[in-house]
Amino acid sequence: MTQNQTSVVCESLTKRFGTFTAVDNISFEAHGSEILGFLGPNGAGKSTTIRILCGLLRLTSGQATVAGINVTRNPEGVRQQIGYMSQKFSLYNDLRVAENLRFFGGMYSVSAKDMPKRIAWALQMAGLTGREHAITGSLPVGWKQRLALGCAVLHRPPIVFLDEPTSGVDPVSRRQFWELIHNMVAEGVTVFVTTHYMDEAEYCNRLVLIDRGRIVAMGTPTELKTRHMKGQLLLVECEPLGPALGALQTAPGVLDAAVYGNSLHAVVADAQAAMPRIREGLEARQIRVGRLEQITPSLEDVFVSLTASRGPGEGRAA
Amino acid sequence: MSWRRVLAMIRKEAIQIRRDPSSLVIIILMPLIQLFIFGYAVNLDIEHVPLCIYDRDGTQTSQDLLKHFQATEYFRIVRAADSYNEVVQHIDDGTCTVAIVVPPQFSQTLHSSGQASVQALLDASDNNTASIGMGYAQGILRSYSSEVQAEWIEKQGLATGPPNVSFQARTWFNEDLESMANFVPGVVALVMAIIGAFLTSLTIAREWERGTMEQLISTPVGKLEIQIGKLVPYFIIGMADTALCAGAAVWWFGVPFRGSWTVLFGCSMLFLITVLSLGYFISVLGKSQLAASQLAVVATVMPALLLSGFIFPIDQMPVAAQWITRILPPRYYVSILRNVFLKGTTVRVMEGQLFALAIIAVVLVALSTRAFHKRLE
């Protein structure tokens, strides 16, 4: 697979369930050897999009091709080219680790000659060597997810779809998992991954921010943080938080304010001009102000800022 | 069609069956339990009907008659009454179902006029037992009367030709034996119809319920490959169950086996493919295991019991019902098993029935493939 070869193309993809529009007219492309992250809150349409691309759901309108194959016309052709890991763990819990691998190897027509090699490779990749005979259901969540990834990529597909692969996984396992993804991409695989963890989004080469079925922004994490933020970001350490938030939201020159951990983030047009005014305003209301400085926005700030502009109080990312 | 995928599917199903102890219990115990329940409980023959006797004659002749009741296994004399009141009491409290009252001067009347009657009292609250008990009593009396007749003819010094009446009596008892023999092969067919559909009715539903279907249908596996892969292990189990049931019919119930085992197993294979496909089709339709298994029971038990000719003869059904039976696999299998067991019928004679089963199997496989979609909607 050469660099920049188009792998996944969506044009005006729409999916309706009855009157509910889960995916609303989205278009994007993913290319060889990159991690494309789909970022958004639960119910934003991430899983629906991935399922359409895997041929598991029919699209209502628009068009999608995966590895140059139209998903509506030839879903079986698409399935041969992809690996898919569903959001809910869906391997056989009553099978042993090696039996699951062998089964999915069989489903992807891995030849009898290659099978032992592929299984050994998948075990090693997933860090499950020595656990071949463990019953899958008895594994910890993080291990199960790595096994699921192993089963999905055993046949070495050029494109891999991962639907929230790290949900419910502890931080150490999550990091290990992302290392696996990076290794695959290094070998030329296109990885399409959904997540609602903002910190994970930083691992992606490119991001598609999705909210209520629509794409709100697209770009590299850096691009998103620099270009899509309307204004500059301030960190405000103060106490008590509640009244401070109310004061900031109504303060002139403040575009937006939100609680962030045990401090506040405020979006302002001009950081240098706003800082003294904010300190004065808060202290006038008997609010104790600690640190107050301009910071680089995180993806969460970008996301909050982008979705907040579509409607007050809605679409806040977790 | 990729045989590697089919084989992988078969292996996976087999492992899952082996690891699930409850499925093993169903596989081995369920057919046997059903066979014994249907074999004994639905048995139309009745033995050891509790009998009360009241001998008001008290002669050698009346005792002779009552000995006939004692000698048969259909009745068990549990009470000998001394008064009518006692007879009524035994019937009332359910100690006895049938009472035979020999009138006074029975012996005298019989010898003088050559005709005498005996009174039978029946507790008909269980209609079936009562009428069968009545039949038995009549049979015994008929056989007794023919003996008396033969004796009388002999005493008169007339030639003793084979008396018609005694021949009738023998037919009566044979007929009972036949009904038992007739019954058990039908039971085997019934049990296999239920088990067959039940075995596969859960397979697809289980994948949906456990969430494993999503991963499975994201692979390039074909619909027919899934179906074959899921049916083969159950087919092997079904054949083992058939052998188990047929063996129990012959060696436990003592049903005569006059046909060939090859024909029996050949026909059973075809039948199993049909009912397994029915179960699979049901599994595709009902997405939960509970719904699927209930649907399977409704779709197999009722037709197998009522419309297969197992209890009610098909040629005595209304024409519309007769037409319905033609699309029901158990109808053909009940008849095939009876033929193979009791008559030793060859395949050639049953060609029509086998052909019908084959058509039903093909239709069901086609319907299942059409009904199954590799999509989540």
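1. So, the overall build of chain B
1) Next: Within chain B, the secondary structure is distributed over 15 helices and four strands.
2) Next: Each principal axis of the C-alpha distribution contributes one length, and for chain B these read about 95 × 45 × 40 Å.
3) Next: Out of the 377 residues belonging to chain B, those deemed buried represent 37%.
4) Next: Counting contacts in chain B only where the partners sit at least 6 residues apart, residues at least 24 apart contribute 78% of the total.

2. Structural notes on the overall build of chain A
1) Next: A tally of regular secondary structure across chain A gives eleven helices and 14 strands.
2) Next: Expressed as lengths along the three principal axes of its C-alpha atoms, the size of chain A is roughly 75 × 45 × 40 Å.
3) Next: A sequence separation of at least 24 residues applies to 68% of the contacts in chain A between residues at least 6 apart.

3. Overview of the nonpolar core
1) Next: Within the largest apolar cluster, 85 residues are counted, with the highest numbers of intra-cluster contacts made by L53, V66, V160, F161, V191 and F192 of chain A.
2) Next: Top element by residues in this core is helix α5 (residues 141-153) of chain A. It accounts for seven residues.
3) Next: Residues in contact with F192 of chain A, not counting those within four places in the same chain, are V8, A30, L36, I50, I159, V160 and F161 of chain A.
4) Next: Core analysis: the second largest hydrophobic core is formed by 57 residues, L190, A249, V284 and V340 of chain B among them.

4. Comments concerning the domain arrangement of chain A
1) Next: One can read the domain layout of chain A as domain 1 (6-224) and domain 2 (230-296).
2) Next: For domain 1 of chain A versus domain 2 of chain A, the distance between C-alpha centres works out to 40 Å.

5. Overview of the environment of A257 of chain A
Residue and element names in this part refer to chain A.
1) Next: Here A257 shows up in strand β12 (residues 254-260).
2) Next: The class for A257 is buried, based on 22 C-beta atoms found within 10 Å.
3) Next: Between the alpha carbons of A257 and L235 there is a distance of 10.0 Å; along the sequence they are 22 residues apart.
4) Next: Ignoring sequence-local partners within four residues, the contact set of A257 consists of L245, L248, Q249, L264, H265 and A266.

6. Let's talk about the sheet that holds strand β14 (residues 288-295) of chain A
Residue and element names in this part refer to chain A.
1) Next: The strand order across the open sheet built from four strands is β12-β13-β11-β14, with neighbouring strands paired in antiparallel fashion. Edge positions in the sheet fall to β12 and β14, since each has one partner strand and no second. Taken pair by pair, the neighbouring strands of this sheet meet at an average axis angle of 25 degrees, ignoring direction.
2) Next: Two strands pair when backbone bridges link them, and β12 and strand β13 (residues 263-268) are joined in this way by six bridges, in the antiparallel orientation. Across the sheet, V259 pairs through a bridge with L264, a residue of β13.
3) Next: Lying on the sheet, helix α9 (residues 241-250) is in contact with β11 (232-239), β12 and β13; it crosses β12 at an angle near 160 degrees.
4) Next: Along the sheet, helix α10 (residues 271-284) contacts β11, β13 and β14; its crossing angle with β14, the most-contacted strand, is approximately 165 degrees.

7. Notes on the pairing of strand β6 (residues 82-85) of chain A
Residue and element names in this part refer to chain A.
1) Next: Judged by which residues are buried, β6 turns out to be covered on both faces: I82 and Y84 on one side and G83 and M85 on the other are all buried.
2) Next: Pairing of β6 with strand β7 (residues 159-163) involves four bridges; the strand directions are parallel. Each bridged residue has a counterpart across the sheet, and for Y84 the counterpart in β7 is F161.

8. Some points on the domain arrangement of chain B
1) Next: Looking at the assigned domains, one finds that chain B contains domain 1 (3-43 + 179-371) and domain 2 (49-161).
2) Next: The C-alpha-based centres of domain 1 of chain B and domain 2 of chain B are spaced at 48 Å.

9. A word on the packing of helix α10 (residues 223-251) of chain B against helix α11 (residues 261-285) of chain B
Residues and elements named next belong to chain B.
1) Next: Across the interface, α10 lies against α11 with an axial gap of 9 Å and an inter-helix angle of 130 degrees. Classed by the angle they form, the pair α10 and α11 counts as oblique. Both α10 and α11 take part in a crossing whose hand is right-handed. Of the residues in α11, those in contact with Q227, K230, L231, Y234, F235, G238, M239, T242 and A246 of α10 are L264, S268, M269, L272, I273, L276 and Y280.
2) Next: Taken together, the residues that form the contact of α10 with α11 break down as eleven nonpolar, four polar and one charged.

10. Considerations on the interface of chain A and chain B
1) Next: Facing the 23 residues of chain A at the interface are 21 residues of chain B.
2) Next: Taken together, the elements giving at least two residues each to the side of chain A that touches chain B come down to α2 (75-81) and α3 (97-107) of chain A.
3) Next: Counted by class, the side of chain A that touches chain B contains eleven nonpolar, five polar and seven charged residues.

11. Side note on the packing of α10 of chain B against helix α15 (residues 351-371) of chain B
Residues and elements named next belong to chain B.
1) Next: α15 packs onto α10 with a crossing angle of 125 degrees between their chain directions and a minimal axis gap of 9 Å. By the criterion of interaxial angle, the relationship of α10 to α15 is oblique. Here α10 and α15 pass one another in a crossing that is right-handed. Two secondary-structure elements touch here, α10 through K223, L224 and Q227 and α15 through V365, S368 and T369.
2) Next: Tallied by class, the residues present in the contact of α10 with α15 amount to two nonpolar, three polar and one charged.

12. Notes on the sheet that holds strand β10 (residues 214-219) of chain A
Residue and element names in this part refer to chain A.
1) Next: The sheet built from six strands is open, its strands ordered β6-β7-β8-β3-β9-β10 with mixed pairing. The open sheet has two edge strands with one neighbour each: β6 and β10. Between one strand and the next, the sheet's axes are offset by a mean angle of 15 degrees, whatever the strand orientation.
2) Next: Relative to strand β9 (residues 206-211), strand β3 (residues 35-39) runs parallel, the two sharing four bridges. Directly across from L39, in β9, lies its bridge partner L209.
3) Next: Strands in contact with α5 are β6 and β7; relative to β6, the strand with the most contacts, it is inclined by about 160 degrees.

13. Some words on the confidence of the model for chain A
1) Next: This prediction gives chain A a mean pLDDT of 88; 95% of its residues lie at or above 70.
2) Next: When pLDDT is averaged over each helix and strand of chain A, the minimum, 80, is found for helix α11 (residues 299-308) of chain A and the maximum, 96, for α3 of chain A.

14. Here's the deal with the confidence of the model for chain B
1) Next: Mean pLDDT for chain B: 84, with 91% of residues reaching 70 or above.
2) Next: Scored as a complex, the prediction yields pTM 0.77 and ipTM 0.84.

Rules of the game
- Residues numbered from 1 in each chain as written.
- Chains lettered and ligands numbered in written order.
- Predicted model: local features only at pLDDT ≥ 70, side-chain atom pairs only at ≥ 80, totals over all residues.
- Helix = DSSP H or I, 4+ residues; strand = E, 2+ residues; numbered from the N terminus.
- Buried ≥ 20, exposed ≤ 12 C-beta atoms within 10 Å, placed from the backbone.
- Contact = placed C-beta atoms within 7 Å.
- Core = buried A, V, L, I, M, F, W, Y, C linked by C-beta atoms within 7 Å.
- Domains from an automatic or database assignment.
- Pairing = 2+ DSSP bridges.
- Axes fitted to C-alpha atoms, helices over the stretch in contact; angles between N-to-C directions.
- Parallel < 35°, antiparallel > 145°, perpendicular 65-115°, else oblique.
- Left-handed = near helix turned anticlockwise from the far one by under 90°.
- Nonpolar A, V, L, I, M, F, W, Y, C, P; charged D, E, K, R; others polar.
- pLDDT = per-residue confidence, 0-100.

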